[in-house]
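Commentary on secondary and tertiary structure
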Amino acid sequence: MDGINMKQLMILALFSFAFNQPVLNCCDYQEMAENECNGLGCYIPQCTEECEWEPMQCWGSTGYCWCVDGNGIEIEGTSTPSWEGFPDCEEIYLGTTFNIPSDYPSIQEGIDVASDGDTILVHPGTYYGPIDFERKNLVIGSLFLLDADTSFISQTIIMGTDSNVSPFVQIDGISEPEVELNGFTFQDISLNTFAEGTQSYVLINIINASPKIINNRFNNFQIDGQAESAVIFCSNSSSLIENNIFSDGMIALNYELTGWILSNNSNLIIKNNLMENGYVGFSDPTGYVVSVASDNIITENTFNNVSMGYCWTCAAIVALDGSSLIINNNMILRATGDGYGAILASESQYVSHNNTLIANNGGYANLFSDGIVNNDIIINYPNGWGNPVYLDAYSTLQISYSNIEGGVSGSGMVGNINSNPMFVDANNGDYSLSNYSPAIGAGTATGAPSTDIIGATRPTPSGSNPDMGAYENSRPSQRPKAGAITDGLSTDVDWHNSSSSLSAKWPNFVDNGNIATLVTEFAIGSTTSNLADVLTWTTVSVDTGAGPSYTATGLSLTEGSTYYVSVRATHTDSQVSDTTTSDGVTSDVTNP
């Protein structure tokens, strides 16, 4: 319920955590809420005589009750309207929360004393690894856990030391799904030493466990050494890896299998992560999300300026050894260098929908693999290298309803276009669709995800066809796009020797419908700000085959005055084009 979320935010705003402030008890929170709210329907914490939190909290003005842990944090899934009964909070084990550094100076010392179901709550500061969950079912997070304030992520830093041991974070042998690592910045970590029994360089090592790795930042990391390597490695895992940012990192000189996210025999959800300004090289196979014998969902991620060197089997997304991937709503920008660019499958299969692949060293490449692609945008410019689609003799790819540079054809491939996608502002990183994009409404509903990369409903509006690419525009189809209009019926003229008529011609409007069905309007104005004060907007018939033109008659033009001709068009679904206006023609009917 939105009100419950607002309640949590309101409390935490009142409490104003300071870095060196002691942890407050329930009575402290209660007093501050009473002073601030003045009893005006606000939520007031309910406390025991010992100033601990009552397990069940209620907000009278909303009628909702919920369970909380020992720190007053709402337990997910317990919020219940009172008219449906009350949650049984006594049956829920709330665990213990250990505050770092007030209870214990380091994260690892907190883990050492914790038990299954406990929370390690880390306050802003700089901490050091390595960290081992010790096979305990724990939630370890920054104060971001409490109110989703992202400033706590950048203020809660886990750094490397002069001698960094791999794995830097160990999570293994935990069957419970509640395990969580949430809201940290891992910074300046360079792995160069194996822990005993370890044969790989890994920042977060997940073996036979399925934690949530969410809302973290990985900055300025370097992993090199002749062994399998990854920032996050998952084996026999069903982890959720979501809302993380990986930036300015490098994995190189490994000569082995590597990846920023590397999975083996796993079923991961990799969602809404940003990977930017990275390098992988002197490794093979390698990439940024690399799946080995895994069934992963890769959705709503952005890869930006990710390069590869001295590798052959490499790309931003790589599927290997029988992997089966779902790839939806991703942005892959400037995946360059060696390898295949955006997406590579080797002895694997994938289904891919609504991705935007721009300026990469290739789009899709299949080696002994099969793929299905719908609703993609694949444009390799401005680099000008790489193939939008590459298949070896043993592979198949069915690609339909996609905007592909250079076009593509083949059995079963339908609905593809080869057009400028007309992004809003690609030069400044905005790859959403402008209202004139031919990708609007040009996709297919078959397999299309129900939302886009930012969570907007797809298709929009309801009942229309979805768009191509990662972003959904709010329009059902592109607005007709006008070209430049010319005064006169041949070359552009600056003078006109009639006081009763004016002519103009223009190229056909660009539209993803039948241009012959567009309703064209023509107007004449005395200035560029008064486009229709001489001739109001008038529906005219034009010949789209010969090229549209029109001559308006019955006018009363003034000698020496300049007039401006404008045209616009409306699609059958009421989409109105932009207006194109001539540079002006002056009436001159008097002979020299």
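The structure we're discussing is the one just above.
Report follows, based on the coordinates. Going along each chain's sequence as written, the residues are numbered from 1 onward. The predicted origin of the model limits local features to residues at a pLDDT of at least 70 and limits the giving and counting of side-chain atom pairs to 80 or more, whereas totals for whole chains, interfaces and linings rest on all residues. Working from all heavy atoms in the structure, the side-chain values ignore hydrogens and water.

Let us now look at the environment of Gly-339. The way it works is that DSSP assigns letters per residue, a run of H or I at least four long becomes a helix, a run of E at least two long becomes a strand, and they are numbered from the N terminus. Assignment of secondary structure puts Gly-339 in the loop between strand E31 (331-337) and strand E32 (343-346). Along the primary structure Gly-339 and Asn-361 are separated by 22 residues, whereas in three dimensions their C-alpha atoms are 7.6 Å apart. When checking whether two residues touch, look at their non-hydrogen atoms; a contact exists if any pair is within 4.5 Å. What Gly-339 contacts, discounting residues up to four positions off in sequence, is Cys-311, Trp-312, Cys-314 and Asn-361.

Moving on: the sheet that holds strand E27 (residues 297-299). With parallel pairing, twelve strands are arranged side by side in an open sheet as E4-E5-E8-E12-E16-E20-E24-E27-E30-E33-E36-E39. What marks the edges here is a single partner per strand, and that holds for strand E4 (97-100) and strand E39 (396-400). In this sheet, neighbouring strand axes are inclined to one another by 10° on average, regardless of whether the strands run parallel or antiparallel. At least two DSSP bridges between two strands are required for those strands to pair. The sheet contact formed by strand E24 (residues 269-271) and E27 spans three bridges and is parallel. Helix axes are fitted to C-alpha atoms over the stretch in contact, other axes to C-alpha atoms as well, and angles between N-to-C directions run from 0 to 180 degrees.

Counting buried positions along strand E49 (residues 562-570) yields seven of nine residues, so the element is predominantly enclosed. Where strand E46 (residues 519-525) meets E49, seven bridges bridge the pair, whose relative direction is antiparallel. Opposite Ala-523, over in E49, you have Ser-566 as the bridge partner. As paired strands, E49 and strand E51 (residues 585-587) are joined by two bridges and run antiparallel to one another. When the sheet's bridge partners are listed, Tyr-563 is paired in E51 with Val-585. Burial classification: accessible surface area is computed with a 1.4 Å probe over protein chains only, and a residue below 20% of its type maximum counts as buried, one above 50% as exposed, and the rest as partly exposed.

Moving on, we get to helix H2 (residues 26-37). A helix is expected to reach a length of 1.5 Å times the quantity of its residues less one. The first and last C-alpha atoms of H2 sit 16 Å apart over twelve residues, in line with the 16 Å expected at 1.5 Å per residue. All buried positions along H2 are accounted for by Cys-26, Tyr-29, Ala-33 and Cys-37. Buried residues in H2, looked at end-on, bunch into an arc of 60°, giving them a common side. Its side-chain oxygen 3.0 Å from the backbone nitrogen of Cys-27, Asn-25 forms the N-cap of H2. What the arc covers is the set of directions going from the helix axis to the C-beta atoms. Here a polar contact means two N or O atoms within 3.5 Å. Within protein one must be a hydrogen donor candidate and the other an acceptor candidate, and residues neighboring in sequence count only if both atoms are side-chain atoms.

Let's shift gears to the pattern of salt bridges. Counted as salt bridges are all cases of a side-chain nitrogen of Lys or Arg within 4 Å of a carboxyl oxygen of Asp or Glu. Using the criterion set out here, one finds five salt bridges in the structure. For the salt bridge of Arg-135 with Asp-172, the shortest nitrogen-to-oxygen distance reads 2.9 Å. You can see Arg-135 sitting in the loop between strand E7 (131-132) and strand E8 (139-142) and its partner Asp-172 sitting in strand E11 (residues 169-174), a full 37 residues away along the chain. Looking at Asp-172, the relative accessible area reads 12%, which means it is buried. One salt bridge connects Arg-568 with Glu-521, and the closest N-O pair in it is separated by 2.9 Å. Linking Arg-568 in strand E49 with Glu-521 in strand E46, this pair joins segments that are 47 residues apart in sequence. Classification of Arg-568 by relative accessible area gives partly exposed; the value is 23%.

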